[in-house]
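Here are the chains, one letter per residue:
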Amino acid sequence: MREITYRQALNEALAEELERDPNVFLMGEEVAEYQGAYKVSQGLLQRFGPRRIIDTPISENGFAGLGVGAAMVGLRPIIEFMTFSFSLVAFDQVVNNAPNMFTMSGGQFNIPITFRGPNGPAHQLGATHSHATENFYASVPGLKVCTPATPRDAKGLLKTAVRDDNPVLVLEAELLYSSKGMVEPPDEELLIPLGKADVKREGSDVSIICYAQTVPLALKVAAQLEEEDISAEIVDLRSIKPLDEKAIFDSVTKTHRVVIVEQDHPFCGVGAEVCYRIQKNIFDALDAPIIRVSQEDVPMPYNERLEHAVLPNAEKLIAAVKQVCYA
Amino acid sequence: MQPGEQRDEVEMLSLMLLIRRFEERASQQYQAQKIGGFCHLYIGQEAVVAGAVAAVRDDDYIITAYRDHAHALARGTSADACMAELFGKETGCSRGLGGSMHFFDRKNHMYGGHAIVAAHVPLAVGMAFAIKYRGEDRVTLCFFGDGAINQGAFHEALNLAALYKLPIVFICENNLFAMGTSVKRSTSLKQIVDRAEGYDIPGEIVDGMNFREVRDEIAEIVDSIRKEPHPAFLEVRTYRYRGHSMSDPASYRTKKELEKYRLDDPITRLRAQLTREGKLTNEQFDRLDKQAKETVLAAVKFAEQSPQPPLEKLYDYTYADGAKP
Ligand SMILES: Cc1ncc(C[n+]2csc(CCOP(=O)(O)OP(=O)(O)O)c2C)c(N)n1
Ligand SMILES: [Mg+2]
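Residues numbered from 1 in each chain as written. Chains lettered and ligands numbered in written order. Predicted model: local features only at pLDDT ≥ 70, side-chain atom pairs only at ≥ 80, totals over all residues. Heavy atoms only, no water.

Draft legend 1. Expanded view of the overall build of chain A. When you go through chain A residue by residue, the secondary structure sums to twelve helices and 14 strands. Here the C-alpha atoms of chain A give a radius of gyration of 19 Å, agreeing with the 20 Å that 2.2 N^0.38 yields for 327 residues. For chain A, the C-alpha atoms occupy an extent of roughly 60 × 45 × 40 Å along the three principal directions. For chain A, the proportion of its 327 residues judged to be buried stands at 62%. (Helix = DSSP H or I, 4+ residues; strand = E, 2+ residues; numbered from the N terminus. Rg over C-alpha atoms; globule rule 2.2 N^0.38 Å. Buried < 20%, exposed > 50% of the residue type's maximum accessible area, 1.4 Å probe, protein only.)

Draft legend 2. Representation of the sheet that holds strand β11 (residues 232-236) of chain A in the model. Residue and element names in this part refer to chain A. One open sheet holds the five strands; their spatial order is β9-β11-β10-β13-β14, and the pairing between them is mixed. Each of the sheet's edge strands pairs with one partner strand only, and the pair in question is β9 (198-201) and β14 (291-293). On average, each strand axis in the sheet is inclined to that of its neighbour by 25 degrees, with strand direction left out of account. Bridge analysis of strand β13 (residues 258-261) against β14 gives three bridges, and the strand direction is parallel. The residue bridging Val-261 from the neighbouring strand is Val-293, located in β14. (Pairing = 2+ DSSP bridges. Axes fitted to C-alpha atoms, helices over the stretch in contact; angles between N-to-C directions.)

Draft legend 3. A look at the packing of aromatic side chains. Throughout the structure, instances matching the rule amount to 15 aromatic pairs over all chains. Considering the side-chain rings of A:Tyr34 and B:Tyr252, the 6.0 Å spacing of their centres and the 45 degrees angle between planes classify their relative orientation as tilted. With A:Tyr34 in the loop between β2 (24-28) and α2 (44-48) and B:Tyr252 in the loop between β8 (231-237) and α10 (255-262), this residue pair bridges two chains. Ring centres of A:Phe81 and A:Phe84 lie 5.4 Å apart, and the angle between their planes is 70 degrees; on these two criteria the pair is classed as edge-to-face. Comparing A:Phe81 with A:Phe84 shows no difference in burial state: the two are buried. What links up through ring pairs into an aromatic cluster is the set A:Phe63, A:Phe81, A:Phe84, A:Phe91, A:Phe115 and A:Tyr137. (Phe/Tyr/Trp six-rings, centres within 6.5 Å; stacked < 30°, edge-to-face > 60°.)

Draft legend 4. The site of ligand 1, seen in detail. What surrounds ligand 1 is a group of 22 residues, the closest being A:Glu60, B:Tyr66, B:Arg67, B:Ala115 and B:Asn175. Here a nitrogen atom of ligand 1 sits 2.5 Å away from a polar atom, N or O, in the side chain of A:Glu60. Measuring from an oxygen atom of ligand 1, one finds a backbone N or O atom of B:Phe177 at 3.0 Å. Taking 580 Å² as the accessible area of ligand 1 by itself, protein coverage stands at 95%. (Near = heavy atom within 4 Å. Polar contact = N/O pair within 3.5 Å; in protein donor to acceptor, adjacent residues only side chain to side chain. Areas by Shrake-Rupley, 256 points an atom, 1.4 Å probe, with all protein chains shown as cover.)

Draft legend 5. Main features of the interface of chain A and chain B. Listed as interface residues are 32 residues of chain A and, on the opposing side, 35 residues of chain B. Here chain A and chain B share an interface that buries about 2800 Å² over both sides, 61% of which is from carbon and sulfur atoms. In this structure, the connection of chain A to chain B is made through two salt bridges. Of the charged contacts, one joins B:Arg185 and A:Glu33 as a salt bridge, the two residues approaching to 3.5 Å between their closest N and O atoms. In this assembly, chain A and chain B are joined by 16 residue pairs in polar contact (both at pLDDT 80 or more). (Contact = heavy atoms within 4.5 Å. Buried area = accessible area lost by both parts, 1.4 Å probe. Salt bridge = Lys/Arg side-chain N within 4 Å of Asp/Glu carboxyl O.)

Draft legend 6. Inspection of unusual backbone geometry at higher detail. At the junction of A:Lys241 and A:Pro242, the peptide bond is cis and its omega measures out at 0 degrees in the coordinates. Relative to the assigned elements, A:Pro242 resides in the loop between β12 (239-241) and α9 (245-255). That bond from B:Gly112 to B:Gly113 is cis: its omega, 25 degrees, falls within 30 degrees of zero. Relative to the helices and strands, B:Gly113 resides in strand β2 (residues 110-113). For A:Lys39, which is not glycine, the phi torsion reads 65 degrees and is therefore positive. The residue A:Lys39 is located in the loop between β2 and α2 in this model. Here B:His109, not a glycine, exhibits a phi torsion of approximately 55 degrees, which is positive. The topology assignment puts B:His109 in the loop between α4 (79-86) and β2. With relative accessibility at 17%, the residue B:His109 sits in the buried group.

Draft legend 7. Molecular detail of the nonpolar core. Ranked by size, the top nonpolar core spans 66 residues in total, and within it B:Phe22, B:Met83, B:Leu141, B:Ile171 and B:Ile218 carry the most contacts. For this core, the element with the highest residue contribution is helix α1 (residues 9-31) of chain B, accounting for ten residues. With residues up to four places along the chain from it excluded, the contact list for B:Phe22 reads B:His69, B:Leu73, B:Ala79, B:Cys82, B:Met83, B:Leu86 and B:Val296. Core analysis: the second largest hydrophobic core is formed by 59 residues, A:Leu45, A:Leu157, A:Leu194 and A:Ala314 among them. (Core = buried A, V, L, I, M, F, W, Y, C linked by side-chain atoms within 4.5 Å.)

Draft legend 8. Inspection of the sheet that holds strand β1 (residues 61-64) of chain B at higher detail. Residue and element names in this part refer to chain B. Ordered by their spatial adjacency, six strands build an open sheet running β2-β1-β3-β4-β8-β7, and the pairing between neighbours is parallel. Across the chains shown, the open sheet's two edge strands, defined by having one partner strand only, are β2 and β7 (203-207). Ignoring which end each strand starts from, the neighbouring axes of this sheet average 15 degrees apart. In this sheet, β2 lies alongside β1 in parallel orientation, the contact comprising two bridges. If you follow Ile-62 over to β2, its bridge partner there is Met-110. Along the sheet, helix α2 (residues 46-55) contacts β1, β3 (140-145), β4 (168-174) and β8; its crossing angle with β3, the most-contacted strand, is approximately 170 degrees.

Remember, this is a structural readout, not a statement about activity or role.
The structure is reproduced here in structure tokens:
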């Protein structure tokens with residue numbers, strides 16, 4: 001194992017999959033000559049050439065659709081959205097074409113495509129550029145959605161996504177590109193299955209269920225809670241769809257108390273689904289109502305203080321944990 | 001400005017100076033971390049918006065993309081309100097909720113400030129539709145970059161405007177780059193203006209470093225639109241001196257190219273024209289420049305001293321009726 005950044009981990013995953021399968025190509029805005037808006041594709045043009053690392057005009061609907069078409073006839077496209085806020089321009093391709101094709105064609109055309117790029121609020125980018133899209137996309141049958149929070153998960157999940165025979169969205173955490181973590185050496189194949197959560201920290205008093213940018217937040221809060229004698233278990237969902245029910249239920253059966261901390265909006269957010277499944281399946285395991293900490297239900301304000309007030313933060317999470325622990 | 005009146009050119013020069021000094025100060029304040037998020041500067045392109053506003057009435061509609069500080073200033077939004085918006089303050093032109101990319105000023109008919117590339121082009125068409133619907137003689141000016149012309153929204157909007165014969169000028173500020181992608185690498189045409197032909201919209205190319213050329217061309221187009229509503233397309237050749245946004249070192253272009261355009265600076269050019277014609281002295285110019293700098297410094301002070309938007313108002317601007325569903 002060695003320590004690399006989340007950005008490097010993604011870069012390695014791309015390079016390894018491009019190397020492995022000649023049908024894989026990477027396409028998106030500024031991915032080639034500019035080396036990626038967030039430098040995730042650094043060096044790939046030099047290594048794989050312009051046939052496989054392809055710059056596009058600002059035409060998300062066009063190149064997302066191009067990807068779906070190419071996938072219909074045997075290629076395995078990786079389509080980068082400069083951010084998932086811009087994937088909304090291509091919503092029709094991602095939501096209507098990619099996931100419906102297999103069903104509509106009676107199983108003739110599966111679409112092995114990966115849509116990837118940064119997702120979730122970053123810092124003061126305002127309402128148009130701060131979308132957390134996971135709950136939109138997870139509500140679409142036929143799509144798979146994962147949200148890695150660590151370099152290791154980023155690499156392993158992206159590689160798995162590229163090999164999956166369905167449309168998979170890899171929602172990268174915009175604020176975590178420079179974060180570091182331990183990852184297996186390049187000569188050791190790292191594949192992390194979709195639909196497998198990961199307990200990032202063991203605990204006994206409360207389960208904090210989180211994903212993407214809320215994972216580091218939850219870990220930080222868990223350390224703080226330790227000092228107050230509250231032992232928090234941190235369950236990183238890693239995949240939103242498929243959802244790892246077993247990992248969630250195992251943790252909740254142990255702790256009996258749950259806080260879900262998510263980076264999307266409260267209304268029909270990811271946490272609502274998780275919450276529903278817990279109460280439906282293991283109602284008796286609960287010692288307290290489940291609490292969700294999410295964004296406020298408003299378009300993202302630019303002002304820094306208001307943005308902070310909208311986002312989940314340590315204060316809100318600690319308060320929620322204390323509430324479910326009756327502490 | 002009243003119909004038929006010409007805007008004073010010295011006044012327009014001072015507008016261009018105000019824009020330049022504002023952007024320089026914004027850049028400095030960004031580096032001092034007083035401004036957050038993305039911030040795109042207009043330095044080099046001043047003659048485009050100045051020429052445009054000099055050619056239209058104050059009640060004509062203006063809408064643009066995220067490189068929008070200048071468009072607000074040109075519309076008469078105060079430097080105070082613009083700087084305060086960058087600082088995220090309640091006194092900002094969007095109450096501190098929009099930020100650099102989302103400037104709005106209803107009173108001055110500045111309809112944004114739109115950060116999704118080309119997403120505002122259909123909006124502009126809708127505004128032009130409303131003008132015709134109400135039988136008014138206003139015109140909509142829709143500004144966008146060279147990068148916007150490959151978005152579906154752009155194409156659909158042009159077709160609608162031509163189909164319904166709407167009073168709109170599509171103004172493409174061609175500064176040769178969309179982030180790091182040159183027009184050559186993004187667009188299949190030899191020249192952008194040819195896009196208009198495909199929709200049967202008349203198109204022209206003008207030199208965006210020349211205030212007078214921009215103004216006169218737009219004035220002529222707008223004149224003909226007011227007589228009989230129709231869309232028109234203008235490719236304005238210009239250049240941004242700075243990187244795409246504050247975080248872009250712009251290493252995809254050469255110093256030589258930048259220097260070439262700097263020598264053709266729109267402010268220097270209008271100044272020289274006016275001086276040659278005896279309409280401006282060096283002392284006057286220096287005074288105007290000093291004024292612009294002072295206005296901008298005062299704006300920084302205003303922004304600094306302005307209050308933050310109150311936390312209690314977080315939900316006040318989600319639904320127009322204040323609903324919290
Ligand atoms: C739909 C969408 N895709 C991508 C972006 C990211 N982006 C912001 S500005 C820009 C370049 C636009 O260039 P251009 O239209 O030429 O305008 P300029 O910046 O030169 O003023 C890109 C790719 C975006 N804002 N919206
Ligand atoms: Mg441009």
